[in-house]
Amino acid sequence: MSTKIPSLREAYAKYFKIGAAVSPRDFELFGDILAEHFNSLTGGNAMKFEPIHPQKDVWDFRAADQIVAYAKAHGMAVRAHAPVWHKQVGLWMFRDDDGETLSREALLERLEEHMMVFGQRYGADVYCWDVINEAIAHFGKGVLRDSNWTQIIGEDFLAQSFRIAKKCVPDSVQLFYNDYNEWMPHKREKLLKVLRGLLDEGAPIDGFGMQQHLSIYADLDEIRRSVEAYASLGLRLHVTELDVSLYTVYETGRPTITDEMLQKQYDMYVELFSIYRQYADVIDSVTTWGVADSATWLDSSAVRIGDFKPDNVPMQRKNFPLLFYADHRMRPYTEKIIEDALK
Ligand code: GLA
């Protein structure tokens, strides 16, 4: 009798999709893990605005095409991510040929041109699209983050972006708003306000992406409360960028990893998946930001608190925030997460 335990995607088939954010290089590095355990892919960078549309008349579809082709070959779904953001959009987008700031109308028109090209190429291949990423301010009383989008279009750029996106992709593509620190009470209040506002005015939004960039110090009660609150909105929910850092945002040197920290991480992952399973009637997909611990953005960055990042101090520490060891074995909590799903 085989003692092989089922894969993540098999164990979770009755709950939600299991996804990973990837670049095409990951297919060589982690093809074995991806094919066995995952059934959804997000392009980490490949479908963002600037990588795909670096200049007004220049498009680069190479990475996105590879991701779509890999997903098709392996029967995986694709989440598209994320055109309207305060980062990774070339400044050319906001200026005319003389370098003058565009008018609101001209920017909306350009956004539609961009989304139309994207939609025609990938609309049939993706099942959802993070139309807007991180538009809400973490700090202060202000709800929206100041950006080229707010400055030129105004506060209704969110509703406008969803309306434009809706014109550019088939109805099979669910339109999402995606954000981080979504479990922290003051950010949650702002998010709920904005999401309710979009729903009230009839903007074509289908879902909310909870990034879930967490650390072992995140507050599980607040996470549970947040999932409950977002679930009550009537939107579909995806966990879009899960990882659990071993460090706080302030730890920048080479902290020693203790057994206690690893135990906290174990408990956190097991509890998180228990919450996700409990809300599986609204959660359709859980995606980790990366595949295995050998390659994680958290080696050189930190779980951000708003835009706070201790930029002056190099982040020399190695982090281990994902579901697989660098040598492709499952982390101990991953086995437990699988067992719990099979109960
Ligand atoms: C944010 C973005 C992602 C990615 C990560 C860090 O959470 O939404 O696209 O850039 O930061 O890698």
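That block above? That's the structure.
This structure is a prediction, so every number in the text was calculated from the model and none was measured.

Trainee: Which residues make up the site of the ligand, and what values go with them?
Mentor: In the neighbourhood of the ligand, eleven residues make up the surrounding shell, with Lys48, His81, Asn133, Gln211 and Glu241 lying closest. The separation between an oxygen atom of the ligand and a polar side-chain atom of Glu134 is 3.4 Å. When the free accessible area of the ligand is taken as 310 Å², the share hidden by the protein chains comes to 87%. Placement of the ligand is best described as lying within the largest pocket. Among the residues forming the shell around the ligand, the class breakdown is three nonpolar, four polar and four charged.

Trainee: If you had to explain the pattern of salt bridges to someone new, which residues and values would you point to?
Mentor: For the structure shown, the criterion picks out 21 salt bridges. Residues Arg104 and Asp156 are paired through a salt bridge, measuring 2.8 Å at the closest nitrogen-oxygen approach. Taken together, the residues span a long stretch of sequence, with Arg104 in helix H5 (residues 104-122) and Asp156 in the loop between helix H6 (148-152) and helix H7 (157-168) at a distance of 52 residues. The class of Arg104 is partly exposed, set by a relative accessible area of 26%. Asp156 gets classed as partly exposed once you look at its relative accessible area, which sits at 28%. Residue Arg331 pairs with Asp293 through a salt bridge whose shortest N-O separation is 2.8 Å.

Trainee: Quick one: what's the story with the layout of surface pockets, residue by residue and with numbers?
Mentor: Computed from the structure, the largest pocket encloses a volume of approximately 560 Å³. In this structure, the largest pocket is lined by 29 residues; those nearest its centre are Gly44, Asn45, Lys48, Trp289 and Trp297. For the lining of the largest pocket, the elements supplying multiple residues, two or more each, are strand E1 (17-22) and helix H2 (25-37). Per-element accounting of the lining of the largest pocket gives the leading share, four residues, to H2. Here the lining of the largest pocket is composed, by residue class, of twelve nonpolar, ten polar and seven charged.

Trainee: How would you summarise the pairing of strand E3 (residues 77-84) if you had to cite specific residues and measurements?
Mentor: Burial within E3 is extensive, with eight of its eight residues counted as buried. Bridge count for E3 against strand E4 (residues 128-133) is four bridges, and the pairing is parallel. Among the inter-strand pairings, His81 is bridged to a residue of E4, identified as Asp130. Between the parallel pair E3 and E4, the chain is carried across by H5, and the sense of this crossover is right-handed.

Trainee: Which residues make up helix H9 (residues 220-231), and what are the values?
Mentor: Over its twelve residues, H9 extends 16 Å from the first C-alpha to the last, a length consistent with the 16 Å expected when each residue adds 1.5 Å. Where H9 is concerned, the buried positions are Glu222, Ile223, Ser226, Val227, Ala229, Tyr230 and Ala231. Against helix H8 (185-200), strand E6 (207-210), strand E7 (213-215), strand E8 (236-245), helix H10 (259-278) and strand E9 (283-288) lie the buried residues of H9. The residue sitting at the N-terminus of H9 and contributing the capping side-chain oxygen is Asp219; that oxygen lies 2.9 Å from the backbone nitrogen of Asp221.

Calculation notes
- Residues numbered from 1 in each chain as written.
- Predicted model: local features only at pLDDT ≥ 70, side-chain atom pairs only at ≥ 80, totals over all residues.
- Heavy atoms only, no water.
- Near = heavy atom within 4 Å.
- Polar contact = N/O pair within 3.5 Å; in protein donor to acceptor, adjacent residues only side chain to side chain.
- Areas by Shrake-Rupley, 256 points an atom, 1.4 Å probe, with all protein chains shown as cover.
- 1 Å grid on protein atoms, 1.4 Å probe; cavity = no way out; pocket = protein on both sides within 12 Å on 5 of 7 lines; lining within 4 Å.
- Sits in = over half its atoms within 2 Å of the grid points.
- Nonpolar A, V, L, I, M, F, W, Y, C, P; charged D, E, K, R; others polar.
- Salt bridge = Lys/Arg side-chain N within 4 Å of Asp/Glu carboxyl O.
- Helix = DSSP H or I, 4+ residues; strand = E, 2+ residues; numbered from the N terminus.
- Buried < 20%, exposed > 50% of the residue type's maximum accessible area, 1.4 Å probe, protein only.
- Points joined across faces, edges and corners; volume = space filled by probe spheres on them.
- Pairing = 2+ DSSP bridges.
- Right-handed = clockwise from strand over helix to strand, strands pointing away.
- Expected span 1.5 Å × (residues − 1).
- Contact = heavy atoms within 4.5 Å.

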